[in-house]
Amino acid sequence: MSERFHVPSASRPIRSAAAILVLCGVWACGAVGLGGARGVTISGSDTMLELNRRLAAAFMQAHPQIPVRVVGGGTGAGISALVAGDVDLAAASRPLAAAEVAAIHDRYRTLGVRFLLARDALSVYLHPSNPLTDLSSADLKRLFAGEIESWAELGGDSRAVSVVIRPPTSGSHRFFRDHVLRGSPYSASAAVAPRTDDVLAMVAADPGAIGFGGLAHGPNLVHCAVDGVRPIEENVRQGLYPLTRYLVYYASAPPEGHTRIFVDWCLSAEGQQIVREVGFVPLWSPPS
């Protein structure tokens, strides 16, 4: 999180609190981004949508001369927009895929730039009436693969299991598949919810449902423990919870102008306080 790479002296350095991994292979690409002179555009992760909106609103209060536009659509859509040059920052809840890195390199002759923004736990949501509150990684794999059809098989009641997942464009979809299903397919009978809010509504309406989404969402649902570890801030910060991840911004090259100002601000005490207020885990806590 604290690792740094050299950025050419022509750019002012990001503040020391910034957690940044620069993956840029060729600085001479000349890509400044849309935010260089006329505001900042962000697209991507649905998990991060409320966070991005809150950050944008607070930033524009402090910098009324710099407009920030935020849209969702999923991590995949945000990265595609970044590759196309339609946005300055792609909001993502997963690492770049190899094909996405290749697409950025083909267009911009860089490998992109990643800014760590917050830590998150991909929570597993259960209905409050479900007596189970702790599931093993192995059980989660079997549940989401469709191999367990009744909660009774895990010591619960006799209700049928209803699996709810996000679409393939979602970073949460890919992260969960990679880390829980280990690349295996989701259940063919899984219901696909376009947004996190839809996952929450479907799980809240069905006592037999199970879904997943960001830690900051679904306070009325059970965020079950995984392998005996609860998805709470202390466990997420220490990396103890198995489904801990970073929420990040990607740029096609080291940003300048308005985009650089916005990213710096998000990594400041003001920005990280909003991370906490939204319900995610800030990268660092300001001194008391």
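Residues numbered from 1 in each chain as written. Predicted model: local features only at pLDDT ≥ 70, side-chain atom pairs only at ≥ 80, totals over all residues. Heavy atoms only, no water.

Let us now look at the confidence of the model for the protein chain. For the protein chain, mean pLDDT is 87; residues scoring 70 or higher make up 86% of the total. Long-range and interchain partners of residues 1-36, a stretch whose pLDDT sits below 50, account for 85 contacts in this model, where long-range means more than four residues apart. (pLDDT = per-residue confidence, 0-100. Contact = heavy atoms within 4.5 Å.)

For soluble globular proteins, the rule of thumb is that nonpolar side chains tend to be buried together. If you look at the biggest cluster of nonpolar residues, it comprises 43 residues, and the most contacted ones within it are Ile42, Leu51, Leu55, Val68, Leu89, Tyr249 and Phe262. Dropping the residues within four chain positions of it, Phe262 is found in contact with Val40, Ile42, Leu55, Ala56, Phe59, Val68, Leu89 and Tyr249. Ranked by size, the runner-up nonpolar core spans 30 residues in total, among them Leu181, Phe212, Val226 and Leu243. (Core = buried A, V, L, I, M, F, W, Y, C linked by side-chain atoms within 4.5 Å. Buried < 20%, exposed > 50% of the residue type's maximum accessible area, 1.4 Å probe, protein only.)

What follows is about the environment of Ile104. Here Ile104 shows up in helix 3 (residues 98-108). Given a relative accessible area of 1%, Ile104 falls into the buried group. Sequence spacing of Ile104 and Ala253 is 149 residues, and the spatial spacing of their C-alpha atoms is 9.4 Å. In contact with Ile104, other than residues within four places in its own chain, are Leu82, Val83, Leu96, Arg109, Thr110, Leu111, Gly112 and Ser252. (Helix = DSSP H or I, 4+ residues; strand = E, 2+ residues; numbered from the N terminus.)

Where helix 4 (residues 137-144) is concerned, the buried positions are Leu140, Leu143 and Phe144. Each buried residue of helix 4 lies within a common arc of 85 degrees when the element is viewed along its axis, so the set occupies one face. Residues of helix 4 that are buried make contact with strand 5 (113-126), strand 6 (134-135), strand 7 (162-165), helix 5 (171-179), strand 9 (209-214) and strand 11 (225-226). (Arc of directions from axis to C-beta.)

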